[in-house]
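Residues per chain, in single letters:
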Amino acid sequence: LAPVVLSLVRNLYLTYLSYKARRRSNSQLVQSYALNYRISSFYDTGVLTSFIISGLIMRTGNNIFPSYFDASVSLLVSVYALSMGIRLTSENFKILIDLPLREEDQLRILNVLSAHFNRFETVGNIYTRQSGCDRFIEIELCFNGDVSVMEIETLRNDMRQMLEEKFGPVKFTIIPLLLK
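Summarised in this report is the structure supplied together with it. (Residues numbered from 1 in each chain as written. Predicted model: local features only at pLDDT ≥ 70, side-chain atom pairs only at ≥ 80, totals over all residues. Heavy atoms only, no water.)

Compared with an ideal rise of 1.5 Å per residue, which puts 27 residues at 39 Å, helix α3 (residues 65-91) spans 39 Å between its outermost C-alpha atoms and is within 8% of the ideal. All buried positions along α3 are accounted for by P66, F69, V73, V77, M84 and L88. Along its buried surface, α3 packs onto α2 (28-59). (Helix = DSSP H or I, 4+ residues; strand = E, 2+ residues; numbered from the N terminus. Expected span 1.5 Å × (residues − 1). Buried < 20%, exposed > 50% of the residue type's maximum accessible area, 1.4 Å probe, protein only. Contact = heavy atoms within 4.5 Å.)

This brings us to the packing of aromatic side chains. The full count for this structure, using the stated rule, is three aromatic pairs. Their ring planes at 25° and their centres at 6.4 Å tell us that Y33 and Y37 sit as a pair that is stacked. With Y33 and Y37 both in helix α2, this residue pair falls four residues apart, about one helical turn. Residue Y33 is classed as partly exposed on the basis of its relative accessible area, which comes to 44%. Between the aromatic rings of F42 and Y80, the centroid separation amounts to 4.7 Å while the plane-to-plane angle is 55°, which identifies the pairing as tilted. Taken together, the residues span a long stretch of sequence, with F42 in helix α2 and Y80 in helix α3 at a distance of 38 residues. (Phe/Tyr/Trp six-rings, centres within 6.5 Å; stacked < 30°, edge-to-face > 60°.)

Below, the structure written as structure tokens:
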């Protein structure tokens, strides 16, 4: 009985802290932790309640009802956890899934590429995606064989600066490919 009570107290405290942090940061990750702690608190409460009520019922001589009560509490907690997980996933679907950037964003990327076209040979694939508020841009650029790593890094920094002026913070990578 003591481990369940300690777990319940711990989970209630962590639920309180995570909801307090959620209000300050508005983070979906903190919200999912808060939900996890709340479900754990609900589970601990169910176990504790089931244990106490089943013990009281067994004292009256009824040994069949407590097993049904325990199974019902477990089912209730499982349904609650599943429904909260489904709710959290559906509310945050756009954050959880990677989406391609909009066409106008892709055109802005091509505009940045054209400003630096004299510094590389050709453009390979351009990979763009958005995950939550983060934008990821990966560009394959083909260079001739005599380009240095320093030149590629300088180009990447120059392009990142231009992209951040157009988009704000981005996760930007150049994938250098050498022409034979």
